[in-house]
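# Report on the structure
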Amino acid sequence: MSGEGWPDGPVVVGVEWNFSEHVIRTAAALAAALGEHLICAFVDPASYLMEWAPANQRTALSLDPSINEEAEFPSAHLQRRLEDVLGEPGESWSFRVLNGDVSKALNRLARNTDAALLVVGAGRPGSVAWLDRVLEGSVPAALIRHQQRPVLVVPEGG
């Protein structure tokens, strides 16, 4: 165990497109204090992972074999912005791109990596962000409801 009574495992932080540097630095400081790896995870809600191949089949062909450079832009741009805050990825941190519903994708990643905890921002202020939460639901609330590990919700600021 990295700390008395604290489970081993990476710290997973949900990274929004317009992420708060405060949230990223808080998650990085917590991971460092626990002696654990930080996984920065961006979930693209416009892209859904569909498992269409039989479960016992190891190879599959893409439904769209052409390369979509526009789809690769957001993740490359986010990784560069994260590198500006955290330095080069490596032993201390890594970057993952997930697809689908944000809370479900973060839950799945936390489960698959046996994460010690999840870190997310409290959400953006303003009427547009409020409308998003009303229509799509709050990611922190969904994580807290469905997660078996601790969830740290970091308020904006810093």
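Our subject in this report is the structure included herewith. Since the model is a prediction, treat every value here as computed from it, not as a measurement.

Using the criterion set out here, one finds 2 salt bridges in the structure. The partner of R25 in a salt bridge is E21, and the shortest N-O contact between them spans 2.9 Å. Pair noted here: R25 and E21 are both in helix α1 (residues 21-34), with a separation of 4 residues, about one helical turn. By relative accessible area, E21 is classed as partly exposed at 40%. In this structure, D114 and R149 form a salt bridge, with 3.8 Å as the shortest nitrogen-oxygen distance.

With glycine set apart, most residues show a phi of negative sign, and most peptide bonds adopt trans. In this model, D114 sits at a positive phi of 55°, which is unusual for a non-glycine residue. Inspection of the secondary structure puts D114 in the loop between α3 (102-113) and β4 (117-121).

As for its position among the elements, R149 is in the loop between α5 (139-146) and β5 (151-154). Within the local environment of R149, its side chain forms a polar contact with the backbone oxygen of A115, the two atoms lying 2.8 Å apart.

Spatially, the 5 strands line up as an open sheet ordered β3-β2-β1-β4-β5, and their pairing is parallel. Both outer strands of the open sheet, β3 (93-99) and β5, are each paired with one neighbouring strand and no more. Across the sheet, the mean angle from the axis of one strand to that of its neighbour is 25°, orientation sign disregarded. Of the strand pairs in this sheet, strand β1 (residues 11-15) and strand β2 (residues 38-44) are connected by 5 bridges, and their pairing is parallel. Considered in β2, the bridge of V15 is made with F42.

All right, on to the nonpolar core then. Judged by nonpolar contacts, the single largest core of 21 residues is most densely connected at V13, V15, L38, C40, L82 and V119. Contributions of two or more residues to this core are made by β1, α1, β2, α2 (69-86), β3 and β4. Sorting elements by how many residues they give to this core places α1 first, with 5 residues. In this view, V15 contacts I24, C40, A41, F42, V43, L78 and L82; residues no more than four positions away in its chain are not counted. By size, the runner-up hydrophobic cluster in this structure holds 13 residues, among which are V12, V43, A105 and L109.

Let's shift gears to the packing of α3 against α5. Where α3 meets α5, the closest approach of the two axes is 9 Å, and the angle between their N-to-C directions is 45°. Taken as axis vectors, α3 and α5 run oblique relative to one another. The two elements α3 and α5 cross, and the hand of that crossing is right-handed. Taken together, the residues of α5 that come into contact with α3 (itself represented by V102, S103, L106 and N107) are V139, A142, L143 and H146. Considering only residue class, the contact of α3 with α5 consists of 5 nonpolar, 3 polar and no charged.

What counts and what doesn't
- Residues numbered from 1 in each chain as written.
- Predicted model: local features only at pLDDT ≥ 70, side-chain atom pairs only at ≥ 80, totals over all residues.
- Heavy atoms only, no water.
- Salt bridge = Lys/Arg side-chain N within 4 Å of Asp/Glu carboxyl O.
- Helix = DSSP H or I, 4+ residues; strand = E, 2+ residues; numbered from the N terminus.
- Buried < 20%, exposed > 50% of the residue type's maximum accessible area, 1.4 Å probe, protein only.
- Polar contact = N/O pair within 3.5 Å; in protein donor to acceptor, adjacent residues only side chain to side chain.
- Pairing = 2+ DSSP bridges.
- Axes fitted to C-alpha atoms, helices over the stretch in contact; angles between N-to-C directions.
- Core = buried A, V, L, I, M, F, W, Y, C linked by side-chain atoms within 4.5 Å.
- Contact = heavy atoms within 4.5 Å.
- Parallel < 35°, antiparallel > 145°, perpendicular 65-115°, else oblique.
- Left-handed = near helix turned anticlockwise from the far one by under 90°.
- Nonpolar A, V, L, I, M, F, W, Y, C, P; charged D, E, K, R; others polar.

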